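Remarks on the overall topology
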Amino acid sequence: MPPSPPTSEPPVLRFAPSPNGRLHLGHALSALTNERLARAMGGRLLLRIEDIDRARCTPAFEQGLRDDLEWLGVFFAGEVRRQSEHFGDYRVALEGLRRRGLVYPCFCSRQEVRAAASARAQETGEAWAVDPDGAPLYPGCCRGLDAGLAEGRIASGAPHVLRLDLERALAAVGEDLAYGVFDASGGVTYVVAQPRRWGDVVLARKDVPTSYHLSVVVDDALQGVTHVVRGRDLEAATDIHVLLQRLLGLPTPLYHFHDLLADAEGRKLAKSRGSRSLADLRAEGVTAAQIRHDLGFG
Ligand code: GLU
């Protein structure tokens, strides 16, 4: 059964950038799409700073993105929520899942996961299974570890992540997971979520007691978000978000995925590939009005 659409009035949207670099045109497109849809629905647009990655996120980048958004003329309602100030909320959610036996520790490094996935592929003669982001699907090496043994390793300080036991999670909530995708005219289409294509995802990283998936789901609920507007690159991740919402007893917002901007080589704009930032463009004399116009918001 599809979830019933959120009924909260007025609608609540959020723009949720990570302060791990300067914003580029792709972020501007996302912020402006949020602004446009929030306006069209008479909704409130919130700002959330997704800064759980303590190594890559910096206060200077946060200041930079807030300056860029102000320059662009995108304004937000209410308090800004900074994820690094709410690790306790994610811990509570995780602990609930752990008590239900839906989470287990995994001691494998990324290289070990790759090696195990490749060995599995050779054994079965099948293609190396990858998740929608292209990473090897976790082959389950630590899933069956003896609980006492795992406790001992944790007590001795062995680095580990916490993974969701996907099959147990699906057994707990049932397989009929769906979510609504809304379009600019307010029409809603229901989509079946396919969390199996992600395997046993990481819910808590080695360095922080949460992950992107867990914190985004907890925060959307705590902030009362009814409509999530984000790029197509995060469309597949919604499969896991819907599953976590069901497991945690949280509402499922409606979703809207906007197209991504590509560079001259047809690749998605990315901070890591050095795409020109809004700050660079501003320094070159480009105006906010020009950017709005060029992105179709003029
Ligand atoms: N923080 C994510 C990003 O910068 C967006 C999160 C989301 O919209 O769910 O790509």
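Note: the structure precedes this text.
The sections below set out a description of the structure shown in this document. Quick caveat: nothing in here was measured; it's all calculated off a predicted structure.

What counts as what
Residues numbered from 1 in each chain as written. Predicted model: local features only at pLDDT ≥ 70, side-chain atom pairs only at ≥ 80, totals over all residues. Heavy atoms only, no water. Buried < 20%, exposed > 50% of the residue type's maximum accessible area, 1.4 Å probe, protein only. Helix = DSSP H or I, 4+ residues; strand = E, 2+ residues; numbered from the N terminus. Pairing = 2+ DSSP bridges. Right-handed = clockwise from strand over helix to strand, strands pointing away. Salt bridge = Lys/Arg side-chain N within 4 Å of Asp/Glu carboxyl O. Arc of directions from axis to C-beta. Contact = heavy atoms within 4.5 Å. Near = heavy atom within 4 Å. Polar contact = N/O pair within 3.5 Å; in protein donor to acceptor, adjacent residues only side chain to side chain. Areas by Shrake-Rupley, 256 points an atom, 1.4 Å probe, with all protein chains shown as cover. Nonpolar A, V, L, I, M, F, W, Y, C, P; charged D, E, K, R; others polar. Phe/Tyr/Trp six-rings, centres within 6.5 Å; stacked < 30°, edge-to-face > 60°.

Looking now at the pairing of strand β10 (residues 254-258). Counting buried residues in β10 gives 5 out of 5 residues, a clear majority hidden from the surface. The side-chain alternation of β10 yields two buried faces, one formed by L254, H256 and H258 and the other by Y255 and F257. As defined by bridge partners, strand β9 (residues 227-231) adjoins β10 across 5 bridges and the pair is classed as parallel. Bridge pairing links H227 to L254 in β10. Where the polypeptide runs from β9 across helix α8 (residues 238-248) and back to β10, its parallel neighbour, the crossover connection is right-handed.

So, on to helix α7 (residues 212-222). Three or four residues apart is the spacing at which side chains of an α-helix point the same way, because the helix has 3.6 residues per turn. Summarising burial for α7: 8 of the 11 residues are buried, a large majority. Listed as buried for α7 are H213, L214, S215, V216, V217, V218, D219 and D220. Looking one or two residues beyond α7, the residue adopting positive phi is G224, at roughly 65°.

Counted according to the given criterion, the structure contains 27 salt bridges. Measuring nitrogen to oxygen at the nearest pair gives 3.0 Å for the salt bridge that ties R66 to E62. With R66 and E62 both in helix α2 (residues 59-72) and 4 residues apart, the pair spans about one turn of that helix. Given the relative accessible area of 10%, E62 is considered buried. Here D200 makes a salt bridge to R143, at a shortest N to O gap of 2.8 Å. Residue D200 is found in the loop between β7 (188-192) and β8 (202-204), and its partner R143 is found in the loop between α4 (110-124) and α5 (147-155); the two are separated by 57 residues along the sequence. Exposure remark for D200: the relative accessible area of 4% places this residue in the buried category. Each of R14, R48, E50, R81, D89, D219 and D220 takes part in salt bridges that share partners, so that together they form one network.

This part covers helix α6 (residues 166-173). Those residues of α6 that fall on the buried side of the exposure criterion are L166, A169, L170 and V173. Taken end-on, α6 shows its buried residues confined to a sector of 95°, consistent with a single buried face. Here the buried face of α6 lies against β5 (161-164) and α8. Positive phi shows up at G174, right after α6, with a value of about 90°.

Let us look at the site of the ligand. Around the ligand, a shell composed of R14, A16, P17, S18, E50, Y212, V216, R230 and L234 is seen. Measuring from an oxygen atom of the ligand, one finds a side-chain N or O atom of R230 at 2.7 Å. The protein chains hide 79% of the 300 Å² of surface that the ligand would expose on its own. Residue classes in the shell around the ligand are distributed as 5 nonpolar, 1 polar and 3 charged.

Below, the discussion takes up the packing of aromatic side chains. Working definition: an aromatic ring pair is given by the centre-to-centre distance plus the angle between the planes. For the structure shown, the criterion picks out 4 aromatic pairs. Each ring, one from Y179 and one from Y255, has its centre 5.5 Å from the other, and the planes form 75°; the classification is edge-to-face. Here Y179 is found in strand β6 (residues 178-182), whereas its partner Y255 is found in strand β10, with 76 residues between them in sequence. Y255 carries the same exposure label as Y179, and that label is buried. Consider the rings of Y179 and F257, whose centres lie 6.4 Å apart with planes at 85°: the pair is edge-to-face.

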